[in-house]
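Observations on the model geometry
Below, each chain spelled out in residue letters.
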Amino acid sequence: MQHDKVLILDFGSQYTQLIARRVRELNIYSEIHPFNKILTNIDDYKAVILSGSPFSVRGDEALHPDLTNIRGKKPLLGVCYGAQYLAHFSGGNVAPSNTREYGRAKLSYVKEGETFLEGISEGSQVWMSHSDTIKELPTNGELLASTHDVQNAAYKINGETTFAIQFHPEVYHSTDGKQLLENFLINIAEVNPDWTPDSFVEETVEALKAKIGNDKVVLGLSGGVDSTVAAVLLNKAIGKNLYCVFVNNGLLRKNEFENVLNQYEGMGLNVKGVDASARFLEALAGESDPEKKRKAIGRAFIEVFDDEAHLIEDVKWLAQGTIYPDVIESVSATGGPSATIKSHHNVGGLPDFMKLKVVEPLKALFKDEVRRVGASLGIDAELLGRHPFPGPGLAIRILGDITAEKVRILQEVDHIFISGLKEWDLYDKVWQAGAMLLPVNSVGVMGDERTYEKCVALRAVESTDGMTADWVNLPYEFLQKTSNDIINKVKGVNRVVYDISSKPPATIEWE
């Protein structure tokens, strides 16, 4: 099947993948490529979007794309850095802001009768994230929208189908961001919105058949949404040639190893359970550095899969449930200049000794897209509704070194917290929740005795994709009961706190 495509040029913004996600919400297929590797087959794309960037167009390190084959030839939208680039290098002027413009703002002026802003009115909330501002519009530029602090918040260049916005429509906090993208892509660029979960399944299954052929594939299942959807897709493509392995790394939630194995019964998947908990705990012994813990877990996973792969005759492929947020937080997905936030155990190359090729059927999808694809595949809604759980497991929720006793404590705490969310009908209102074991002891009193025990932090966030997240305002009564249950039932804990940090600036996990 052929789809109209949108090209997103990545200037290194952590929000670039959110642009792709918003575009896909419109059932439009989009691809992300580095700003400095503009494709020669530009005719294959109906429209182009320039992303934001951590760089300044005024700096020595300003990123300079060659837009010769795009400007005036393709509908073009510049976002933040993209808007500043179009202004600064086309006769306008970009200068430092008196104050850094970051966060929510309201549109104070919207040009009437403009298709680009159809359905968007004064007072609409937008999200700003920049330290420079556009002082003068480029040649032939026409003002379309302003905020109280940013006069040139949106403009177009007359004589070509080029639009630019200083704010971020892709971010959740821009309330009419999706409408603006729809106006640009569908109403102006006339992109056909025909990329759906059903079409993704059909095309991915055919691509997997062509890529893998009759080869055998080993896949590591986690019990979560991503690996499950990847497994069902692969099973649909290659059937009995898929060998699934579920590894107990000793860092799972309470009773999860047994529960997950039971979960896959009846799904038609060939699943083998491997208890390697001792191996992982040994690999983590004495290690406190978050990145080194992640690397140790990654190495152990590779070793376990290598062992299991040797038990499968002629296996050629290792499948992984990698998705877009995993990739962008580890390294730019397309070789662009995005900053590394943290590494992920299932992202990156395999060691030379492991002679397996990697297949990642979901690496272009966000979490919400994976769930929609899973629903299209007929996967149980309860499984698809499970909260995300980090690949390294509780290791990155235990700050400091890992011991079996710390794992036990956190498993018990987490079980009380998650069970409580379900009992109070709060679980489905939260995108992700978990508990963190802090590397501090605090003084407490239990009965008439002094205690000096661990502190745990509870975290619950609402999000759509994991790239941004807000903390959830859980009822005080729930937090009070959960705290009491944890302190009374989990030996070794005498203090419970609740994390009210949003992402950004904090990440969802503490490590």
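Look up a bit, the structure's there.
This report concerns the structure included in the present document. (Residues numbered from 1 in each chain as written. Predicted model: local features only at pLDDT ≥ 70, side-chain atom pairs only at ≥ 80, totals over all residues. Heavy atoms only, no water.)

1. Some words on a positive patch on the surface
Condition: Patch definition: residues with relative accessible area over 30% and no salt bridge; like charges joined within 9 Å; nonpolar side chains (Val, Leu, Ile, Met, Phe, Trp, Tyr) joined within 5 Å. Using the Shrake-Rupley algorithm and a 1.4 Å probe, accessible areas are obtained, with residue cover drawn only from the displayed protein chains. Within this document, salt bridges are pairs made up of a side-chain nitrogen of Lys or Arg and a carboxyl oxygen of Asp or Glu, the two lying within 4 Å of each other. A residue counts as positive if it is Lys or Arg and as negative if it is Asp or Glu; His and the chain ends are not included. The location of each charge is read from NZ of Lys, CZ of Arg, CG of Asp or CD of Glu. The way it works is that DSSP assigns letters per residue, a run of H or I at least four long becomes a helix, a run of E at least two long becomes a strand, and they are numbered from the N terminus. Burial here depends on accessible area, computed with a 1.4 Å probe over protein chains only, as a share of the maximum for the residue type. Under 20% is buried, over 50% is exposed, and the range in between is partly exposed.
Together, Lys211, Lys316, Lys357 and Lys363 make up a region of like positive charge exposed at the surface. On the secondary structure map, Lys357 appears in strand S14 (residues 357–359). Here Lys357 falls in the partly exposed class, since its relative accessible area comes to 44%.

2. Structural notes on the packing of aromatic side chains
Here is the rule we go by: Only centres within 6.5 Å qualify two rings of Phe, Tyr or Trp (six-membered ring in Trp) as a pair; their planes then separate them into stacked at under 30 degrees, edge-to-face at over 60, and tilted for everything else. Definition used: whenever NZ (Lys) or CZ (Arg) falls within 6 Å of the ring centre and also within 35 degrees of the ring normal, the charge is taken to sit over that ring.
Counted by the stated rule, this structure contains 13 aromatic pairs. Ring plane angle 45 degrees and centroid distance 4.8 Å describe the contact between Tyr85 and Phe89, whose orientation is recorded as tilted. Looking at Phe89, the relative accessible area reads 38%, which means it is partly exposed. A ring pair is formed by Trp471 and Tyr498, whose centres lie 6.4 Å apart and whose planes are at 75 degrees; its orientation type is edge-to-face. Note that Trp471 is positioned in strand S17 (residues 470–471) and Tyr498 in strand S18 (residues 493–498), a separation of 27 residues in sequence. Following the ring pairs from residue to residue traces out a cluster consisting of Phe11, Phe35, Tyr81, Tyr85 and Phe89. Positioned above the aromatic ring of Tyr45 is the side chain of Lys5, whose terminal nitrogen or guanidinium carbon lies 4.8 Å from the ring centre. A cation over a ring is seen here: Lys422 above Tyr427, with NZ or CZ 5.0 Å from the ring centre.

3. Regarding helix H6 (residues 256–263)
To keep it simple, the criterion reads: Taking the helix axis as origin, the arc is that swept by the directions to the C-beta atoms. In what follows, residue pairs with any heavy atoms lying within 4.5 Å of each other are defined as contacts.
Three or more residues of H6 are buried, namely Glu256, Phe257 and Val260. Summarising the axial view, the buried residues of H6 lie within an arc of 100 degrees, below the 170-degree limit, and thus occupy one face. Buried-residue contacts for H6 involve strand S11 (242–248) and strand S12 (271–275).

4. Brief notes about the nonpolar core
Put simply, the rule reads: Buried Ala, Val, Leu, Ile, Met, Phe, Trp, Tyr and Cys residues form a nonpolar core when they are joined through side-chain atoms within 4.5 Å.
Ranked by size, the top nonpolar core spans 49 residues in total, and within it Val413, Leu421, Leu474 and Ile486 carry the most contacts. Broken down by element, this core gets its largest block of residues, eight residues, from helix H12 (residues 404–423). Apart from the residues within four sequence positions on either side, Leu421 is in contact with Leu426, Tyr427, Ala433, Leu474 and Phe478.

5. Topic: helix H5 (residues 225–238)
Note the following rule: Given a helix with a known number of residues, its expected span is that number minus one, times 1.5 Å.
The end-to-end C-alpha separation of H5 is 20 Å, in line with the 20 Å expected for 14 residues at 1.5 Å each. Counting buried positions over the 14 residues of H5 gives twelve, a clear majority of the element. Looking only at H5, the buried set comprises Val225, Asp226, Ser227, Thr228, Val229, Ala230, Ala231, Val232, Leu233, Leu234, Ala237 and Ile238. Taken together, the buried residues of H5 touch helix H4 (197–212), strand S10 (216–221), S11, strand S13 (315–319), helix H10 (367–376) and helix H11 (381–384). A positive phi of about 55 degrees marks Gly239, the residue just after H5.

6. Quick look at the environment of Glu203
Checked against the element boundaries, Glu203 lands in helix H4. On the basis of relative accessibility, which here comes to 25%, the residue Glu203 falls in the partly exposed class. In the structure, Glu203 is positioned 60 residues away from Leu143 in sequence and 42 Å away in space, judged by C-alpha atoms.

7. Here we look at the pattern of salt bridges
In total, this model carries 24 salt bridges according to the counting rule given. Glu25 is the partner of Arg21 in a salt bridge, and the nearest nitrogen-oxygen pair spans 2.6 Å. Within this pair, Arg21 and its partner Glu25 are both found in helix H1 (residues 16–25), separated by four residues, close to a single helical turn. Each member of the pair, Arg21 as well as Glu25, is classed as buried. In this structure, Arg459 and Asp499 form a salt bridge, with 3.3 Å as the shortest nitrogen-oxygen distance. Taken together, the residues Arg459 in strand S16 (residues 449–462) and Asp499 in the segment after S18 connect sequence positions 40 residues apart. One salt-bridge network, held together by shared partners, links Arg21, Arg22, Glu25, Asp368 and Arg372.

8. Description of a negative patch on the surface
Side chains of Asp380, Glu382, Asp425 and Asp428 sit close together on the surface and give a patch of like negative charge. Tracing the chain through its elements places Asp380 in the loop between H10 and H11. Under the relative-accessibility criterion, Asp380 is labelled partly exposed at 48%.

9. Some remarks on unusual backbone geometry
The peptide bond linking Lys503 to Pro504 adopts the cis configuration, its omega dihedral lying at -10 degrees. Among the structural elements, Pro504 can be located in the segment after S18. Geometrically, the link from Pro504 to Pro505 is a cis peptide bond, its omega value of 15 degrees lying close to zero. With respect to the element layout, Pro505 can be found in the segment after S18. A positive phi angle, close to 65 degrees, is found at Asn255, a residue other than glycine.

10. Here we look at empty space enclosed by the protein
The gaps left among the atoms become clear once a water-sized probe is rolled over them. Where we set the bar: Lining residues are defined by having an atom within 4 Å of a point belonging to a cavity or pocket. Those points lie on a 1 Å grid over the protein atoms alone, cavities being sets where a 1.4 Å probe fits but cannot get out and pockets being open sets with protein on both sides within 12 Å along at least five of seven lines. Grid points are joined across faces, edges and corners, and a volume is the space filled by probe spheres set on the points. For this classification, Asp, Glu, Lys and Arg are treated as charged, while Ala, Val, Leu, Ile, Met, Phe, Trp, Tyr, Cys and Pro are nonpolar and the rest, including Gly, are polar.
Under the definition given, this model contains two cavities of 30 Å³ or more. A volume near 70 Å³ is recorded for the largest cavity. Arg24, Asn27, Trp195, Thr196, Pro197, Phe200, Leu365, Glu369, Arg372 and Val373 together form the lining of the largest cavity. Put simply, the parts of the chain that give the lining of the largest cavity at least two residues each are H4 and H10. Its residues assigned to classes, the lining of the largest cavity shows five nonpolar, two polar and three charged. Taken as a whole, the second largest cavity spans an internal volume of roughly 50 Å³. Every residue lining the second largest cavity is listed: Leu107, Ile120, Ser124, Gln125, Val126, Phe167, Ser174, Thr175, Asp176, Gly177 and Leu180. When residues of the lining of the second largest cavity are traced back to their parent elements, those giving at least two are strand S6 (125–136) and helix H3 (177–188). Partitioning the lining of the second largest cavity into residue classes produces five nonpolar, five polar and one charged.

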